[in-house]
Amino acid sequence: MNPAAYREQARRAWAIARKDIRVYYLKGPVLIFGIFMPVFLFLAFFLGGRDLPLAFLLSGLVGMTLFFTATAVSPAIFPWEGQARTLERLATCPVTIEAIVLGDMIASVLFGIGVTAVTILLALGLGLPLLHGIVLGLAIPIAACCFSAIGVLLAVPPTNVPSNIMMLSTLLKFPLVFISGIFVPLEQMPAWGLMLAACSPLTYFTDVVRYAFSGAHHFPVVVDIAALTLFALVFTAAAMYLHRRSMPRRI
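Reading the values: the criteria
Residues numbered from 1 in each chain as written. Predicted model: local features only at pLDDT ≥ 70, side-chain atom pairs only at ≥ 80, totals over all residues. Heavy atoms only, no water. UniProt positions renumbered as here; feature names shortened; annotations may be inferred. Phe/Tyr/Trp six-rings, centres within 6.5 Å; stacked < 30°, edge-to-face > 60°. Buried < 20%, exposed > 50% of the residue type's maximum accessible area, 1.4 Å probe, protein only. Helix = DSSP H or I, 4+ residues; strand = E, 2+ residues; numbered from the N terminus. Lys NZ or Arg CZ within 6 Å of the ring centre and 35° of its normal.

Looking at an unreviewed UniProt entry, one finds the protein named ABC transporter permease, with Methanoculleus methanifontis as its source organism. Recorded in UniProt for the protein, the comment headed Subcellular location (unreviewed entry) runs: "Membrane".

*Asks:* Before we move on, could you go through the packing of aromatic side chains and cite the residues and values that matter?
*Replies:* In this structure the tally under the stated criterion is eight aromatic pairs. Pairing Phe67 with Phe68 gives two aromatic rings, centres 5.7 Å apart and planes at 70°, and the pair type is edge-to-face. As far as burial versus exposure is concerned, Phe67 and Phe68 are alike and both buried. Plain terms: the ring middles of Tyr204 and Phe231 are 6.2 Å apart, the flat faces sit at 40° to each other, and that makes the pair tilted. On the criterion of sequence distance, the pair formed by Tyr204 in helix α10 (residues 201-214) and Phe231 in helix α11 (residues 221-250) is long-range, its members being 27 residues apart. The same class applies to Tyr204 and to Phe231, which are both buried. Through pairs of rings, three or more aromatic residues link up here, namely Phe67, Phe68, Phe147, Phe174 and Phe205. The side chain of Arg210 reaches across the aromatic face of Phe56, ending 3.6 Å from its centre.

Rendered as structure tokens:
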């Protein structure tokens, strides 16, 4: 495509993102899995009597918030639209599959960044100092793109039943949370646990958040940012390719 065609597809992706924000972000699964779940997990560990510093727990809460919010709606948009037959109408419009996927990702990214900003303000209000704000400001949009791409990737199976996709999403998200150093410091993990943690993009984002608030980190910050960028590019490319293949079976 020529540059003008790319600009037109980008404009249509933005229109899809605005539609998603207007239609989907007050639905029950989004509120439960995107906002309430990380708060309940945080409270369970905060009130559970574990001897963990507040800075450690609040950094984990910021990481969980972005992860859960950015993956809350993106897995369910394709099934919801397939169920309502709006995906079929959208597919007949002069818009590419890549633009549809990008639009869904943009909506998830904006939602994730917005809710995460509130969590960061909460952490600051509780007295947690922000030592490296520029690094955190760079990592948040990259991680939001990465997590949003994971959500869109989970929507690849050609089903129009949202509960099936949400169940698959839950089966993936909860193990990632518990292997990513959110509740157990990476330094205290066994060797096999560190190997699993290194496979999770949430590990690198949580590491950056802890560095931003406390100055402590397990991996070099450059490695964290590079890993998040690589995960984001790979997951986005995979989501676009697989949705292009599964779209005919979905409609």
